[in-house]
Amino acid sequence: MKTHIGTFLSIGSPAVTELAAECGFDWVLIDLEHGCESEAALPNQLRALRGSNMLAIVRVSAPHADLISRVLDWGAHGIMVPHVNTVEEARHCVDAAYYPPRGHRGVSRTVRTYGYGMRLPEGEMPKPIILAQIETASAVDQAGEIAAVEGIDALFIGPADLSFDLKAQKAARSYDECVDVIVKAARDHGKGCGILVRHADDKEKLKALGFTWIAMDSDLSLVREGFKKNLAAARAW
């Protein structure tokens, strides 16, 4: 299974999105859950990727069917859905993202993803990429069942939320044990598995575990650390 190397985009700038494409990432996550921009700003970020081969995945703020449909209509290749805790929630995501017969997404041939009617799909409609975030102890318990849902392409670990929930719930499993459970669930069902990586040194270890969707930090974090490093160097003059 191919390893996809990407990054999270939280600033909301089309220029940053375009730069990520120029740098050669395989994919980017445009963040509508914790990001700085609104849904209305999303189309311009997607336009910044025109002409590149980079996959645009949009993390929706919640699994609302109308939001998922609009994001895909605007040209995203797929979605990431936070806090997918049950099989029912996973099936809801697939239902919202897929056209009939698998789902109930409405059809419009004049939306941006089809060139406003200039590039109509021939034959089978395109299949969206769906990344389901596993971020709670209860989601870990159902990771195998969620991975088995047809239409879910990968399980994606949210390290911050999962760590917080395990502590809040006083869960029996450790964070590392949960990671092993999620990776095995994805592998057993032939699905990808992803994670946000804050430290580049962790990449090879995570790849060896079987992660295939790796997000190397976020634009906001990289800018923050760059500012801090440059300021520290300047203060030392």
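Residues numbered from 1 in each chain as written. Predicted model: local features only at pLDDT ≥ 70, side-chain atom pairs only at ≥ 80, totals over all residues. Heavy atoms only, no water.

Re the UniProt feature "domain: HpcH/HpaI aldolase/citrate lyase" (unreviewed entry) in the protein chain
Under the UniProt annotation, the feature "domain: HpcH/HpaI aldolase/citrate lyase" (unreviewed entry) is placed at residues 5–224. With 38% helix and 19% strand, residues 5–224 has its two end C-alpha atoms placed 21 Å apart. (UniProt positions renumbered as here; feature names shortened; annotations may be inferred. Helix = DSSP H or I, 4+ residues; strand = E, 2+ residues; numbered from the N terminus.)

Concerning the packing of aromatic side chains
Aromatic ring pairs are reported here in terms of the distance separating the ring centres and the angle at which the planes meet. On inspection of all chains with the given rule, the structure shows three aromatic pairs. With 5.3 Å between their ring centres and 80 degrees between their planes, W27 and W213 make a pair best called edge-to-face. Here W213 lies in strand β8 (residues 213–218) and W27 lies in strand β2 (residues 27–31), a separation of 186 residues in the sequence. Accessibility classification places W27 together with W213 in one group, the buried group. Counting every residue linked through ring pairs, the aromatic cluster contains F8, W27, F156 and W213. Sitting over the face of the ring of Y98, R102 holds its NZ or CZ atom 4.8 Å from the ring centroid. (Phe/Tyr/Trp six-rings, centres within 6.5 Å; stacked < 30°, edge-to-face > 60°. Buried < 20%, exposed > 50% of the residue type's maximum accessible area, 1.4 Å probe, protein only. Lys NZ or Arg CZ within 6 Å of the ring centre and 35° of its normal.)

So, the packing of helix α3 (residues 65–73) against helix α4 (residues 87–97)
With their axes 8 Å apart at the nearest point, α3 and α4 run at an angle of 45 degrees to one another. Viewed along their axes, α3 and α4 adopt a mutual orientation that is oblique. Taken as a pair, α3 and α4 cross one another with a handedness that is right-handed. On α4, the residues that touch A65, I68 and L72 of α3 are H92, A96 and A97. Among the residues forming the contact of α3 with α4, the class breakdown is five nonpolar, one polar and no charged. (Axes fitted to C-alpha atoms, helices over the stretch in contact; angles between N-to-C directions. Parallel < 35°, antiparallel > 145°, perpendicular 65-115°, else oblique. Left-handed = near helix turned anticlockwise from the far one by under 90°. Contact = heavy atoms within 4.5 Å. Nonpolar A, V, L, I, M, F, W, Y, C, P; charged D, E, K, R; others polar.)

A few points about the pattern of salt bridges
Using the criterion set out here, one finds 12 salt bridges in the structure. Residue E150 pairs with R102 through a salt bridge whose shortest N-O separation is 2.6 Å. On the criterion of sequence distance, the pair formed by E150 in the loop between α6 (143–147) and β6 (154–157) and R102 in the loop between α4 and β5 (129–134) is long-range, its members being 48 residues apart. A salt bridge links K228 to E225; the shortest N-O distance between them is 3.4 Å. Taken together, the residues K228 and E225, both in helix α10 (residues 219–235) and three residues apart, mark about one turn of the helix. We classify E225 as partly exposed; its relative accessible area is 35%. (Salt bridge = Lys/Arg side-chain N within 4 Å of Asp/Glu carboxyl O.)

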